[in-house]
Every structure is written in C-alpha cells, then in structure tokens.
Amino acid sequence: MVSDIRRLVSLRSFFQAGDMEVSTIEKTTSRVLNEMLVKLFNNIMDAEEKAIITEEYKDITNNDMHIIEAIGIEDPRRMSDIAKRLNVTMGTLTTNMNSLEDKGYIIRERSKTDKRVVLVVLTPKGKKAFYHHRGFHRNMIKAILKGLDEDEMKVMIKCLLNLNEFFEKYEDRQFR
C-alpha cells in the first residue's frame, strides 16, 4: 500500500509539472485509489478479527463484537435502535442476540413502560468485550493520526466524510 501511495504522489508531481494528460492521471489515480481502498478494507477486516477474536473471545464473531459496540455501555438500548444503527432487520438482530444472550454477553428485558419494547444491556462479560473492541479502534486511530499535522487531518477527515456520503447515498439507492 505504501508503494501505491508513493506512485500516486509521483503521479501528482508529474501532473503538476504538466507531463501527463488529465485523462491519464485521472484514470491512474482512480485505479490506484480503488486498489488502495480494497486493500485497506480487507486489511482492516483481517487485522480487526485477529486483534479482537482472541482466546478469551473465541466464542463470538467480529460481527458479534460490532453488535456489542452498537449496544454500548450506557443505558439499556432498544432492539429497534440497535437494528437501525447496524442497518439490519429485527429478525437478523434477534438471531444474533439469541446467541449473545446464550453466551452471557447481553441481557434482554421488556420495557416496564411499554411491553412491546425490548431493551438490551451488556453483562460484565459483554462490557469487557466492548472495552476490548474499543481498544483496538483507539489504537487504529492513533496509528492513522501519527505524524499528521492539523491540515493533513482536516483533509483526511474530508476524504472520509466524502467516502461515507457516497456509501450512504449508494445504500439509499439500493433500498428504494
């Protein structure tokens, strides 16, 4: 990936010097960025799974860890809110919650004020898994920000916001 970045930077300097046509630089930049994003996504998923699913947490999946993260450690959370946050159906979430409850990571209970509402809280075991997962993400963010000045961080944040907006719009089109 570092070589891809170097290639992209050298292409940018060629472009600024006027040695390449715009269409060539745009095609090459698009290809390199696409390759980098695919590699980055795969590397994040692989690294996260290796870091998160340790001997202690071998009974759950990376997906389960993201559900635990969505539940959070604050007040009890409604099943419908968790499903919405994760972009999954209530049926899919219920299947996963059954497994997490059987393994002792969560507790589900009906709301005392509205019996239609199911609330979820993490058990001490679930909270421990939550903090374990949070630690991986904190270390990842530290690594990303290492050596960046404030302007570079702003550019990176802008790029990530643009990427997130693309995915949100793409998702909206898929479900219409």
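Going by the structure above, here's the rest.
Residues numbered from 1 in each chain as written. Predicted model: local features only at pLDDT ≥ 70, side-chain atom pairs only at ≥ 80, totals over all residues. Heavy atoms only, no water.

1. Here's the deal with the sheet that holds strand β2 (residues 106–110)
Logical step 1: Spatially, β1-β3-β2 is the arrangement adopted by the three strands of the open sheet, whose pairing is antiparallel. With one partner strand each, in any of the chains shown, β1 (77–78) and β2 form the two edges of the open sheet.
Logical step 2: Of the strand pairs in this sheet, β1 and strand β3 (residues 118–122) are connected by two bridges, and their pairing is antiparallel. Bridging across to β3, R77 finds its partner in V120.
Logical step 3: Lying on the sheet, helix α3 (residues 62–71) is in contact with β1, β2 and β3; it crosses β3 at an angle near 105 degrees. (Pairing = 2+ DSSP bridges. Helix = DSSP H or I, 4+ residues; strand = E, 2+ residues; numbered from the N terminus. Contact = heavy atoms within 4.5 Å. Axes fitted to C-alpha atoms, helices over the stretch in contact; angles between N-to-C directions.)

2. Structural notes on the packing of α3 against helix α4 (residues 79–86)
Logical step 1: Interhelical geometry of α3 versus α4 gives an angle of 125 degrees and a closest axis separation of 10 Å. Judged by the inter-axis angle, α3 sits oblique to α4. Relative to α4, the crossing made by α3 is right-handed. Within the contact between the two elements, α3 uses H66, I67, E69, A70 and I71 and α4 uses I82, R85 and L86. (Parallel < 35°, antiparallel > 145°, perpendicular 65-115°, else oblique. Left-handed = near helix turned anticlockwise from the far one by under 90°.)

3. So, the side chain of D64
Logical step 1: Among the secondary structure elements, D64 is positioned in helix α3.
Logical step 2: With no salt bridge to any partner, buried D64 finds its closest opposite charge in K103, at an N-O distance of 4.6 Å. (Buried < 20%, exposed > 50% of the residue type's maximum accessible area, 1.4 Å probe, protein only. Lys, Arg positive; Asp, Glu negative; His and termini not counted. Salt bridge = Lys/Arg side-chain N within 4 Å of Asp/Glu carboxyl O.)

4. So, the environment of V117
Logical step 1: Residue placement: V117 occurs in the loop between β2 and β3.
Logical step 2: Judged by its relative accessible area of 14%, V117 is buried.
Logical step 3: Separated by 37 residues in sequence, V117 and S80 place their C-alpha atoms 8.2 Å apart.
Logical step 4: Once residues within four sequence positions are removed from consideration, V117 is found in contact with R78, E109, R110 and S111.

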